[in-house]
Amino acid sequence: MKRIKFYIIPVFLIVLAFQSCYYDNEEYLYPQVFSSCDTLDVSYSGSISSILALQCLSCHSTATADTYGNSIILDNYAALKTYADNGRLLGAIKHETDYSPMPKNAGMLDNCKIKQFEIWINSGALNN
């Protein structure tokens, strides 16, 4: 019986370990299950206000709008409702022609967030 070289076994184990874990992430195997996009229960307080806080209010809050946000305030429902109703909000976040693309100097919001805005606006942009 031939003797196996001592370095072949550790190399084989390392290669085997990397091969066995390559596609074991559930997110890759079942992406629809792990989608964090909630389009069934969209509300101002549950979805829209948190997106605004993370993506918009650094420029469009009462404190910063005059300096950075072209005097457009989005930190309260009444102000936001105006832009939701006249189409400027959705036009801006979808980067449509004739609208200033938002967020400024950045890529579009992801499709899920845009879809949540669309659902909320098409449902009447309620303060819920």
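Please refer to the structure higher up on the page.
Here we summarise the structure given alongside this text. (Residues numbered from 1 in each chain as written. Predicted model: local features only at pLDDT ≥ 70, side-chain atom pairs only at ≥ 80, totals over all residues. Heavy atoms only, no water.)

All told, the structure shown has one disulfide when counted by the stated rule. Across the disulfide from Cys37 sits Cys112; the S-S distance is 2.1 Å. Torsion about the S-S bond of the Cys37 and Cys112 cystine: about 100°, corresponding to right-handed handedness. Remark: Cys112 occurs in helix H8 (residues 111-122) and Cys37 occurs in the loop between helix H2 (26-29) and helix H3 (44-55); sequence separation between them is 75 residues. (Disulfide = S-S within 2.5 Å. Helix = DSSP H or I, 4+ residues; strand = E, 2+ residues; numbered from the N terminus.)

As a further point, take the packing of aromatic side chains. One pass over the structure, following the stated rule, counts two aromatic pairs. Between Tyr44 and Tyr77, the ring centres sit 5.3 Å apart and the planes meet at 75°, which makes this aromatic pair edge-to-face. Pair noted here: Tyr44 is in helix H3 and Tyr77 is in helix H6 (residues 77-86), with a separation of 33 residues, a long-range link. We note that Tyr44, like Tyr77, is buried. A network of ring pairs unites the aromatic residues Tyr44, Tyr77 and Trp120 as a single cluster. (Phe/Tyr/Trp six-rings, centres within 6.5 Å; stacked < 30°, edge-to-face > 60°. Buried < 20%, exposed > 50% of the residue type's maximum accessible area, 1.4 Å probe, protein only.)

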